[in-house]
Amino acid sequence: MLKREDNELVTRVGPDTPMGNALRRYWMPALLSEQLPHADSDPLRVPLLGEDLIAFRDSDGQIGLLQNNCPHRGASLFFGRNEEAGLRCVYHGWKFDVAGRCIDMPNEPAESDFKHKVSAVAYPCQELAGVVWTYMGPPETMGPIPDQEWMRLPLGSVWISKTLQECNYLQAIEGGVDTSHSSFLHRDFSPSGGPLGTSGYRTRSTAPRLEVLVTDYGYRYASVRHIKDEDKDYVRVYQFVMPFHQMRSFEGYEPGRATVQGHMWVPIDDENCWVFNWMYARDGQPIAADIFLHEEAMFGRGPADLLPGYKTKANRDNDYLIDRNLQRTRNYTGIQGVNTQDMAVQESMGAIYDRTKEHLGSADTAVIATRRLLMQAAKDVQEGKLPPGSRPGTVSQVRPAEMVLPHGTAWAEAMQPELVARW
Amino acid sequence: MLKREDNELVTRVGPDTPMGNALRRYWMPALLSEQLPHADSDPLRVPLLGEDLIAFRDSDGQIGLLQNNCPHRGASLFFGRNEEAGLRCVYHGWKFDVAGRCIDMPNEPAESDFKHKVSAVAYPCQELAGVVWTYMGPPETMGPIPDQEWMRLPLGSVWISKTLQECNYLQAIEGGVDTSHSSFLHRDFSPSGGPLGTSGYRTRSTAPRLEVLVTDYGYRYASVRHIKDEDKDYVRVYQFVMPFHQMRSFEGYEPGRATVQGHMWVPIDDENCWVFNWMYARDGQPIAADIFLHEEAMFGRGPADLLPGYKTKANRDNDYLIDRNLQRTRNYTGIQGVNTQDMAVQESMGAIYDRTKEHLGSADTAVIATRRLLMQAAKDVQEGKLPPGSRPGTVSQVRPAEMVLPHGTAWAEAMQPELVARW
Amino acid sequence: MLKREDNELVTRVGPDTPMGNALRRYWMPALLSEQLPHADSDPLRVPLLGEDLIAFRDSDGQIGLLQNNCPHRGASLFFGRNEEAGLRCVYHGWKFDVAGRCIDMPNEPAESDFKHKVSAVAYPCQELAGVVWTYMGPPETMGPIPDQEWMRLPLGSVWISKTLQECNYLQAIEGGVDTSHSSFLHRDFSPSGGPLGTSGYRTRSTAPRLEVLVTDYGYRYASVRHIKDEDKDYVRVYQFVMPFHQMRSFEGYEPGRATVQGHMWVPIDDENCWVFNWMYARDGQPIAADIFLHEEAMFGRGPADLLPGYKTKANRDNDYLIDRNLQRTRNYTGIQGVNTQDMAVQESMGAIYDRTKEHLGSADTAVIATRRLLMQAAKDVQEGKLPPGSRPGTVSQVRPAEMVLPHGTAWAEAMQPELVARW
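Because the structure is predicted, anything quoted here is derived from the model rather than measured.

Take the sheet that holds strand β3 (residues 53–57) of chain C next. One open sheet holds the 3 strands; their spatial order is β2-β3-β4 (chain C), and the pairing between them is antiparallel. The strands lining the two open edges of the sheet, one partner per strand, are β2 (44–45) and β4 (63–67) of chain C.

As structure tokens, then:
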């Protein structure tokens, strides 16, 4: 349970909010590289942290991320002409480069030209691992771009996608770091015992014991499920990386090739977020496109599952296409797609969930740890400090893992080799 | 005319509002029994008095009406699994019975299980006359379920339906207790002189004299129309039962079998209400389904007139399918369906009508009486008293009536036998 | 740049706002005459200055403009019966004439009839030049209806149309008095060098020098473009007439017959406005319907371009049907229709643009002049004075013009004969 003021603190992300200021100390995914496919491709609207922004790729291939409203008289740069190394407002032809500098003011006579006095808000961008990253905070606190194992792999070895989620980012994070729900929300009654082997363990042992270890990047946590009839422990270790990254191990569809998968939940505004999804094989080798697409479909976020704008066809307006007969006979929710199931419950909490009304238990230990870190980040920035995980650290050397161990094994030692990044 | 503060008082129905508190002292219709057709049927969203609620019928056939958000982490119980005498949240499997008790908490290890400390808001429900009734107030002031003549008849003798209305409940009540509008809004120019015999009297005498008699349940009122050319009085007696019931006599389609009909206007929130409609023959005997459906269609609320969710196809978004040519030639409004005509004018007043701007006359006597009773109820509850009509009384013994009498007859005496319930 | 309080002042137009009060001192277009095509035609909703109004043409052909809500109990007069020289509310039959007088109250007995005490808000209307004009201010400050050259021409010599624009009226005015944007927003790359001859000059000389002359009706302003290779000045003189009229000269499609065209931007509420468009030939003679329709289509507002209710099919919900390939190859915006281009940039500034963020230059001189006049009008009315241009004056004698002159010519003298109304 949070006090009302803490719930406000941790969920509000706009300019000049404490949490918004904290998030602006981290590099964050703004869009997929493929959304700006080539030099001078079409400008895009990219709302982030409550700000309306326009992304474009200039003639040299560089990414710009500018304020939506032209500094002159406010026309949207979305309609702009992207040409000759800059984005031109169509209203009066003012032109801006990726750094936001006004580099042409053609409707003013030479004697009154004041372009050197004008600039648009522009956030620095970098491309890495198929993602356009941006930094929206003060220049003096900007650090290097994040370095996680998946980001070091070539495209094709790592795959990435995104979907829109219509609720506050924190509900999405909380669902993502909450392992116990996978025993229920994602349960499958089909004869195969679910789509993936380890999901059987999650179904058979529904009340995991959680252990959280806070780190310099966020925390690592293990959920330990005692499988009584086999006298084993099924242990799943997640990594949570500030401010909104999650990494988990996942068997995947390809025989013998377990994967690492992750999400990044990026606030669009207080009531919406982008969900970025990535995956790679633990062996670091390429994954065929059809394997990737097969997994995406299972998660309910494949190309056939999406409307333009990355909204899923199954969404809150149609109750996620719930099929009550399916719910009675084949799966726990009657909703198809693992991430669609996540979205259904997370969005159903309301646009911004009122955490004064919740009742947390021991299964919510990671949820509590997440909030503490985020609120600490807000407090740190208010006090002029760098927030946790905003600078390079051990995150570059970790990966998540899952293992089945003899019951009572000291998992941290037994699993240690599996928790070290290899690429 | 109401003062602004009185208009606010009498129209706001949410938790912790004076009028909301008063309404919570009465049993009220929550939904139709047929909406939960069998044990373990699909859960439903039932918003009432500004609260989001989920209704379900458990394995034993009992009705539950629970808070929408699971007490654990707030996922909507709408998506819940209705099974084995309880509703299970699909997020983490927590299960609640119809009394709101948490009876299973399967994601917590035995040692940290705290289900006995958790309960969901649950309102007691009873089924009567095809309606699921609920009581949303404090347990200590709960009285017995209402007892009106129609509720004592078996289904088939009494018929019931409902529609959605997109305005504050009070506008709907005021239209329902306002007899003079029937001379205009529902006027029919077709050669038959209107669908029903007595409607001719209402058309020929448009300015009734109103007499209101306040009772222990609300009030009884008569509208007396002098039919000059016949030297008769056409007298119609309505019953208004607190807080939102209306009963009126109606000739109906079946020759020789006059009916009693009524509405209940139940606030969904400040800007929407459910209209429940019921009817039975004065002789108390069964009414054939096709007679009932014929009447429903005349009122514009038959099965063919409704969208899913009980919204009429003719609604404010399409100006109630008004046909201006029809308006010039066949009926007063150009809108089909008696209740659709009511809905059109009542919704057109705005979501919550500003009663500081109205100009009431003697024809609005019943409207004024209604507001006084409702405001009295709010005041009574604020003072710790039971509001009028919230306990059994003479309402069980009354019915409405209409008669044509020699002009000047003392109607109250002449009609008395017709105003006594027979079933 | 405006201070926040000035931006609020000049953009808010509802009842009892300073700018709303000022605008209510002028006659303004409420709708097109053709929208009420004959006596007793269908009533229409006409929202103006934040007020909900209903327009009707009575049996005698007179126009009424009444408050939406019936003074009795608030039903919308939109559903009213328009018959026998008045509009009758369908709820209880109360009837109002074009002056707002209640002339029938048929649901009240004779002894309690109080119709002489009831009236609806009714604004006086006059028809002129295909437009229904209304005056929404205090009776004691009402002046004569405006007199501009186009209003004196017969229909067929003058043509008029209207469209809906979904932003504050001031953004629309500012776009309309801003000549420099025509060099960019409306630029056409097609081989013909654009649809009209003088547009070539606007494309070749993009940084006009502006001269504003404040008058009794508003201001006259010239944009002077030096066409260097021809050693000429292309001079365009606009007239701005308080509070929202613009007049400009335009070559037009008909060989040898230059036109005068104008707009009136009438606030519907703070976030929407009507754009009225008119045109006539400088020679004052009739323009054939197909010529008019050809021009309307070029502007993107012909009959085929509109949805019911005067909203354009290309609108903000579909990004004005922008075609990025067209933008790269044929015109500056990728949007079809000159006025659709205007609408795109003006609406893209937001519903009410935040002028604290703008950066104005010398090309925005007319924009600045407009705001000053409007704010002066608000101040004048606050001080009990008549605002500028609210009484007859020299406006009846002016017209706009454009000319190509030898470079350095004193344009005011050279163009004077062209700036005098002839009809």
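This brings us to the interface of chain C and chain A. At the junction of the two partners, chain C supplies 36 residues and chain A supplies 31 residues. Both sides together, the interface formed by chain C and chain A hides about 2,600 Å², and carbon and sulfur atoms give 51% of it. In terms of surface lost to chain A, no three residues of chain C exceed Arg324, Tyr332 and His359 of chain C, which account for 25% of the buried area on that side. Counting across the interface, chain C meets chain A through 4 salt bridges. Taking the shortest distance from any N to any O, the salt bridge between Arg73 of chain A and Asp364 of chain C comes out at 2.8 Å. Our count for the chain C to chain A interface comes out at 24 residue pairs in polar contact (both at pLDDT 80 or more). Looking at the side of chain C that touches chain A, the elements that each hand over two or more residues are α3 (169–176), α6 (324–329) and α7 (338–348) of chain C. With 4 residues, the top contributor of residues to the side of chain C that touches chain A is α7 of chain C.

Each copy superposes on the other: chain C lies on chain B with an RMSD of 0.0 Å after a rotation of 120° and an axial shift of 0.0 Å. A rotation of that kind, with that shift, is consistent with a three-fold axis. Among all residues of chain C, the one whose C-alpha sits closest to the rotation axis is Asp317 of chain C, at a distance of 11 Å.

If you look at the biggest cluster of nonpolar residues, it comprises 75 residues, and the most contacted ones within it are Trp150, Tyr169 and Trp278 of chain C. In this structure Tyr169 of chain C touches Val10, Thr11, Val13, Met19, Leu23, Trp265, Pro267, Cys273 and Leu374 of chain C, once residues within four positions along its chain are discounted.

Moving on: the packing of helix α1 (residues 4–11) of chain C against helix α8 (residues 365–382) of chain C. All names here are of chain C. For the pair α1 and α8, interaxial distance at closest approach is 10 Å and the crossing angle is 80°. By the angle between their directions, the pair α1 and α8 is classed as roughly perpendicular. The segment α1 lies against α8, with Asp6, Leu9 and Val10 engaging Leu374, Met375 and Ala378. Of the residues contributing to the contact of α1 with α8, the split by class is 5 nonpolar, no polar and 1 charged.

A separate point is unusual backbone geometry. A cis amide bond links Met242 of chain B with the next residue in sequence, Pro243 of chain B, at an omega value of -5°. Position of Pro243 of chain B relative to the elements: it lies in the loop between β14 (232–241) and β15 (245–250). For Asp40 of chain B, which is not a glycine, the phi torsion comes out positive at approximately 60°. Mapped onto the elements of the fold, Asp40 of chain B is located in the loop between β1 (27–32) and β2 (44–45). Judged by its relative accessible area of 23%, Asp40 of chain B falls in the partly exposed class. Here the phi dihedral of Ala85 of chain C falls at roughly 65°; this positive angle occurs in a residue that is not glycine. Within the element layout of this structure, Ala85 of chain C appears in the loop between β5 (81–82) and β6 (87–88). Judged by its relative accessible area of 25%, Ala85 of chain C is partly exposed.

The next subject is the interface of chain C and chain B. On the chain B side, the residues contacting the 31 residues of chain C number 36 residues. In this assembly, chain C packs against chain B so that about 2,600 Å² is buried in total across both faces, 51% of it on carbon and sulfur atoms. The largest contributions to the chain C side of the interface with chain B come from Arg73, Phe79 and Tyr91 of chain C, which together make up 30% of the buried area. Across the chain C-chain B interface, the total number found is 4 salt bridges. For the pair chain C and chain B, the number of links is 24 residue pairs in polar contact (both at pLDDT 80 or more). Residues of the side of chain C that touches chain B, tallied by class, amount to 14 nonpolar, 10 polar and 7 charged.

Attention now goes to the pairing of β4 of chain C. All names here are of chain C. A large share of β4 lies buried, amounting to 5 of its 5 residues. Inspection of the sheet shows β3 paired to β4 by 5 bridges, in the antiparallel sense. Residue pairing in the sheet places Phe56 in a bridge with Gly64 of β4. The turn joining β3 and β4, which pair antiparallel and follow one another in sequence, is formed by 5 residues; a positive phi near 90° is taken by Gly61.

Residues and elements named next belong to chain B. With respect to the secondary-structure elements, Tyr280 resides in strand β17 (residues 272–281). Along the sequence, Tyr280 and Gln246 sit 34 residues apart, while their C-alpha atoms lie 14 Å from each other. Other than its neighbours up to four places away in sequence, Tyr280 contacts Glu149, Trp150, Leu153, Ser157, Val158, Thr259, Val260, Ile287 and Arg399. Among the polar contacts made by the side chain of Tyr280, one reaches the side chain of Glu149 at a distance of 2.4 Å.

Take the environment of Gly64 of chain A next. Residues and elements named next belong to chain A. With respect to the helices and strands, the residue Gly64 is situated in strand β4 (residues 63–67). What makes Gly64 buried here is its relative accessible area of 0%. It is 7.4 Å that separates the C-alpha atoms of Gly64 and Asp97, two residues lying 33 residues apart in sequence. Not counting chain neighbours up to four residues away, the residues in contact with Gly64 comprise Ile54, Ala55, Phe56 and Val98.

So, on to the packing of helix α3 (residues 169–176) of chain A against helix α8 (residues 365–382) of chain A. Residue and element names in this part refer to chain A. Put simply, α3 and α8 touch, their axes get as near as 9 Å, and they point 135° apart. In this view, α3 runs oblique relative to α8, as classed from their interaxial angle. Relative to α8, the crossing made by α3 is right-handed. Two secondary-structure elements touch here, α3 through Tyr169, Leu170, Ile173 and Glu174 and α8 through Val367, Thr370, Arg371 and Leu374.

Right, let's get into α8 of chain C. Residue and element names in this part refer to chain C. Spanning 18 residues, α8 covers 26 Å between terminal C-alpha atoms, matching the ideal 26 Å at 1.5 Å per step. Of the surrounding elements, those touching the buried residues of α8 are α1, α2 (18–23), α3, β12 (209–214), β13 (218–227) and β14 (232–241). Count one or two residues on from α8 and you reach Gly384, which has phi positive near 85°.

Residues and elements named next belong to chain A. Taken in spatial order, the 4 strands of this open sheet run β5-β6-β7-β8, and their pairing is antiparallel. At either margin of the open sheet sits one strand with a lone partner, and together these are β5 (81–82) and β8 (102–104). Bridge count for strand β6 (residues 87–88) against strand β7 (residues 95–96) is 2 bridges, and the pairing is antiparallel. Paired with Arg88 across the bridge in β7 is Lys95.

For side chains of opposite charge, pairing can occur when their charged atoms come near one another. Following the criterion strictly, the structure yields 108 salt bridges over all chains and no others. A salt bridge links Asp178 of chain A to Arg73 of chain B; the nearest nitrogen and oxygen atoms lie 3.5 Å apart. Taken together, the residues Asp178 of chain A in the loop between α3 and α4 (197–204) and Arg73 of chain B in the loop between β4 (63–67) and β5 (81–82) connect one chain to another. In this structure, the salt-bridge partner of Glu358 of chain A is Arg371 of chain A, at a minimum N-O distance of 2.5 Å. Pair noted here: Glu358 of chain A is in the loop between α7 (338–348) and α8 and Arg371 of chain A is in helix α8, with a separation of 13 residues, a long-range link. For the pair shown, Glu358 of chain A and Arg371 of chain A are each scored as buried. Taken together, the shared-partner salt bridges in this structure form one network comprising Arg81, Glu83, Arg88 and Asp104 of chain A.

Moving on, we get to the side chain of Lys162 of chain C. All names here are of chain C. Along the chain, Lys162 turns up in strand β11 (residues 158–165). Among the polar contacts listed, one links the side chain of Lys162 to the side chain of Gln35, at a separation of 3.0 Å. Setting aside its immediate chain neighbours within four residues, Lys162 contacts Ala30, Leu31, Leu32, Gln35, Trp274, Val275, Phe276, Asn277, Leu306 and Tyr310.

Rules used in this analysis
Residues numbered from 1 in each chain as written. Chains lettered and ligands numbered in written order. Predicted model: local features only at pLDDT ≥ 70, side-chain atom pairs only at ≥ 80, totals over all residues. Heavy atoms only, no water. Pairing = 2+ DSSP bridges. Helix = DSSP H or I, 4+ residues; strand = E, 2+ residues; numbered from the N terminus. Contact = heavy atoms within 4.5 Å. Buried area = accessible area lost by both parts, 1.4 Å probe. Salt bridge = Lys/Arg side-chain N within 4 Å of Asp/Glu carboxyl O. Polar contact = N/O pair within 3.5 Å; in protein donor to acceptor, adjacent residues only side chain to side chain. Least-squares fit on C-alpha atoms with pLDDT ≥ 70 in both. Core = buried A, V, L, I, M, F, W, Y, C linked by side-chain atoms within 4.5 Å. Buried < 20%, exposed > 50% of the residue type's maximum accessible area, 1.4 Å probe, protein only. Axes fitted to C-alpha atoms, helices over the stretch in contact; angles between N-to-C directions. Parallel < 35°, antiparallel > 145°, perpendicular 65-115°, else oblique. Nonpolar A, V, L, I, M, F, W, Y, C, P; charged D, E, K, R; others polar. Left-handed = near helix turned anticlockwise from the far one by under 90°. Expected span 1.5 Å × (residues − 1).

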